[in-house]
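Overview (structure and organization)
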Amino acid sequence: MVAAAVMSVTACTTTRQVADTSFTPPQGDYRLIVMQPDISVGLLTAGGVVEQREDWTDQATANVLQSLRAMHAARGGNAMIAATREESGWDVAEVTDLVRLHEAVGASITLHKYLGLALPTKKNRFDWTLGEQAVEFGRATRFDYALFLHAQDSFSSAGRVALQVAGFLSCAVGVCVMATGGQQSAFASLVDLKTGQVVWFNTLASSVGDIRTAEGADKLVKALLGDMKPGAPVGKPAG
Amino acid sequence: MAGFLRRRDVLTQGLCGCGLVVAGWPASARVNPMSLAPLVHPGYVPADADERGLWQQCEEFEYELASSNLLLQDPTVQSYVHAITNRLLGERDFGIRTYVVRDAEFNASMFPNGMMLVHTGLLARMRNEAQLAAVLGHECGHYLRRHSLERHRDLKRKSAAAAIVGLAAAGATGATGSNWFDLANSINTMLVLSVYTFSRGQESEADAYGLKLLAECGYMPGAAAAVWAQIIAERKASAVARKKRYRDHSASEYSTHPPSQERMEDLAASADDIASRVHDSREFEDRRAEWLALAAPIRFSLLEEQIKLNDPGASLYLLESLAVDGWTGTLRFFEGEAYRLRGGVDDVARATAAYLAAVAFTGAPPEAWRAHGYAQIQSGHADDGRRALAHYLELKPDAVDAAMVRFTLVQ
């Protein structure tokens, strides 16, 4: 039995926003701080181990920061892009703590709103908070909103690509062993610093794109942050 | 048919020509400590892309650790551990950072970029400075011999090989029609096992390197084996108390560390070798006094977190071995706590006796007086109990439970 191997190259980037029904994107004169983005870019090796690459990570971080600055400059308004924890204007240890708390909350949102493990108490609500710590941060730094960004990208090594090619060929002889290629994934969340609530959340998944380049970083930032929609009836993705 | 015979031959003869599968070190060969030299130098900065990537990942973690509430906020202890590490390295600045973290487990770890974690559970079990130095030396060995990097590269190579084997088996099965997956699985299982063998080999090397640093610094080489003897005895006591058979979880083909017994024996044998070569009258030291001086102020918190593990066999073993240096009010108090929380048939009586013994020591912790007070009240000696509770309030007027104790006194 020989199955015809179909080599399909799907170049898709999907995003999915979630927000509470009462959410409207911030308008007018508001102060926004973009927290130090958490970026990591690595090499996907033949065996599946992703090996972080310092040069790619540094490059991608610089590009994403540049794209963020450009986006907010174009919008006008009062946005500060914090390239490091020190720049956020608060105690570094407290900021680190807040960023770590956000990682945990972001993972919880991903798990319960995106990956299907819906919580009965949050079925028709989008209700996550960073709590008092975020409110304190807002009071101390006088920002109205904080935006957190996390992005990961990986690129197949030569060995991995060879494995993928061989995988296609194995399909031709009837036993398919597919090795995945590099993946890009990101999430961003907007926190209202007056209440500490996470008011808006977006995720991105892509099999193409390269945030090591300026255009790639631009694409990511635009896809993730460029189109903030008001809240929809909860349960339905807003775009 | 020919395909089957070939497969069986290959399996019985072993996989000749497949060097990757048996790469690693023969785990049973004892490493000679004096044959080891550092593979990095002071001021070392990685050049290879994969190593730089690993260091960058560690940086983030170190940032978080430095501001974590798990970090022990005790500058004396932190600088002591750092000072011993420096001493072991001959005061050469390899850039190793030490962090003591609050965790009751006996553990220490070294990250690829020279960041070392020492758990307070380790400090709780050390009997002298030489024993602590043995563990710190082991961890330094991991860094100085670049084990993390080599382990990462080993894993990368072997996982790539496994992927290729899996793919080849799929291709061959599809192309020839016979089942190549069994062979592929046995090859890949051997690859997986060899990853663990490699790890165990590294641990043995780190043990040996630690011994080398220990001896060169003038510490008793026997201290390293003593650490393991103590740990094994503690684990046996823990198992007995839980009515289980003692099982060494590292005595498995899937263990990242060699079996504890083997480590102890190898360390003891190597220590004997080293000691027999020392001809001058220089005596190896254990610096017990210095260690006891450091441990005394933190002994209470170390035992407090140990008791909370709810492992009375281990806790009582630990207390009794610490008591070899002399019982103290703190040790008797925690002995009482261990019995009280174990809650066995005669444990109330044992706990009461222990608290009574605790308060006989001058400088017994205030908590001992409280425990003694409650125990006396419970055993029918209300007056003695109230006096003890009142004394607790005198010693610690702003205790969090002062109001509750006062309430008890007016009953």
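The structure reproduced in this document is the subject of the present report. (Residues numbered from 1 in each chain as written. Chains lettered and ligands numbered in written order. Predicted model: local features only at pLDDT ≥ 70, side-chain atom pairs only at ≥ 80, totals over all residues. Heavy atoms only, no water.)

**Examining the overall build of chain A**
The helix and strand inventory of chain A stands at five helices and nine strands. Across chain A, helices and strands are ordered from the amino to the carboxyl terminus as β-β-β-β-α-β-α-β-α-β-α-β-β-α. Seen through its C-alpha atoms, chain A measures out along the principal axes to roughly 65 × 40 × 30 Å. Per-residue burial over chain A gives 47% buried out of 239 residues. Counted over contacts in chain A with a minimum sequence separation of 6, partners at least 24 positions apart contribute 75%. Of the roughly 11,400 Å² that chain A leaves accessible, carbon and sulfur atoms contribute 57%. Once the 20 positive and 23 negative side-chain charges of chain A are each reduced to a mean point, those two points are 9 Å apart. (Helix = DSSP H or I, 4+ residues; strand = E, 2+ residues; numbered from the N terminus. Buried < 20%, exposed > 50% of the residue type's maximum accessible area, 1.4 Å probe, protein only. Contact = heavy atoms within 4.5 Å. Areas by Shrake-Rupley, 256 points an atom, 1.4 Å probe, with all protein chains shown as cover. Lys, Arg positive; Asp, Glu negative; His and termini not counted. Charge placed at Lys NZ, Arg CZ, Asp CG, Glu CD.)

**Some remarks on the packing of aromatic side chains**
Under the defined criterion, the tally for this structure stands at 15 aromatic pairs over all chains. Both rings, one in Phe106 of chain B and one in Trp228 of chain B, keep their centres 5.8 Å apart while their planes meet at 85 degrees; by these two values the pair is edge-to-face. With Phe106 of chain B in the loop between strand 1 (97-101) and strand 2 (108-110) and Trp228 of chain B in helix 8 (residues 222-241), this residue pair connects regions lying 122 residues apart in the sequence. Like Trp228 of chain B, Phe106 of chain B is buried. Each member of the aromatic cluster is reached from another via a ring pair, and the members are Phe300, Phe333, Phe334 and Tyr355 of chain B. Above the face of the Tyr63 of chain B ring, Arg85 of chain A is positioned so that its terminal group lies 4.1 Å from the ring centre. Here the guanidinium or amino end of Arg212 of chain A rests over the ring plane of Phe155 of chain A, the centre of that ring lying 3.8 Å away. (Phe/Tyr/Trp six-rings, centres within 6.5 Å; stacked < 30°, edge-to-face > 60°. Lys NZ or Arg CZ within 6 Å of the ring centre and 35° of its normal.)

**Thoughts on the state of the cysteines**
In protein structure, a disulfide is the covalent linkage between the sulfur atoms of two cysteines. Residue and element names in this part refer to chain B. Per the stated rule, a full pass over the model turns up zero disulfides over all chains. For the unlinked cysteine Cys58, the closest cysteine sulfur is that of Cys140, found at 16 Å. The cysteine Cys140 is free of any disulfide, with Cys217 supplying the nearest cysteine sulfur at 11 Å. Owing to a relative accessible area of 0%, Cys140 belongs among the buried residues under this scheme. (Disulfide = S-S within 2.5 Å.)

**Examining the interface of chain A and chain B**
Facing 24 residues of chain A, the contacting portion of chain B comprises 24 residues. Here chain A packs against chain B, burying approximately 2,100 Å² in sum over the two surfaces, 59% of which is carbon and sulfur. Sorting the residues of chain A by area buried against chain B places Glu51, Gln52 and Glu54 of chain A first, and these three jointly supply 28% of that buried surface. The tally of links between chain A and chain B comes to four salt bridges. As a salt-bridge pair, Glu64 of chain B and Arg100 of chain A come within 3.0 Å of each other at their nearest N and O atoms. (Buried area = accessible area lost by both parts, 1.4 Å probe. Salt bridge = Lys/Arg side-chain N within 4 Å of Asp/Glu carboxyl O.)

**Looking at the sheet that holds strand 2 of chain B**
All names here are of chain B. The strand order 1-3-2 describes an open sheet built from three strands, whose pairing is mixed. Only two strands of the sheet have a single neighbouring strand rather than two, namely strand 1 and strand 2. For this sheet the average axis-to-axis angle between neighbouring strands, irrespective of direction, equals 15 degrees. Pairing of strand 1 with strand 3 (residues 115-119) involves five bridges; the strand directions are parallel. Paired with Val101 across the two strands is His119, which belongs to strand 3. Sitting on the sheet, helix 2 (residues 49-66) touches strand 1 and strand 3, and the angle it makes with strand 3 is about 45 degrees. Here helix 3 (residues 75-88) sits on the sheet and contacts strand 1 and strand 3; the angle it forms with strand 1, its principal contact strand, is near 140 degrees. (Pairing = 2+ DSSP bridges. Axes fitted to C-alpha atoms, helices over the stretch in contact; angles between N-to-C directions.)

**Quick look at helix 3 (residues 131-141) of chain A**
Residues and elements named next belong to chain A. Where helix 3 is concerned, the buried positions are Ala134, Val135, Phe137, Gly138 and Thr141. Mapping the buried residues of helix 3 onto a view down its axis gives an arc of 155 degrees, with all of them on the same face. In helix 3, those exposed residues whose orientation departs by more than 90 degrees from the buried face are Glu132 and Arg139. Buried residues belonging to helix 3 abut strand 2 (31-34), helix 2 (92-114) and strand 8 (184-192). (Arc of directions from axis to C-beta.)

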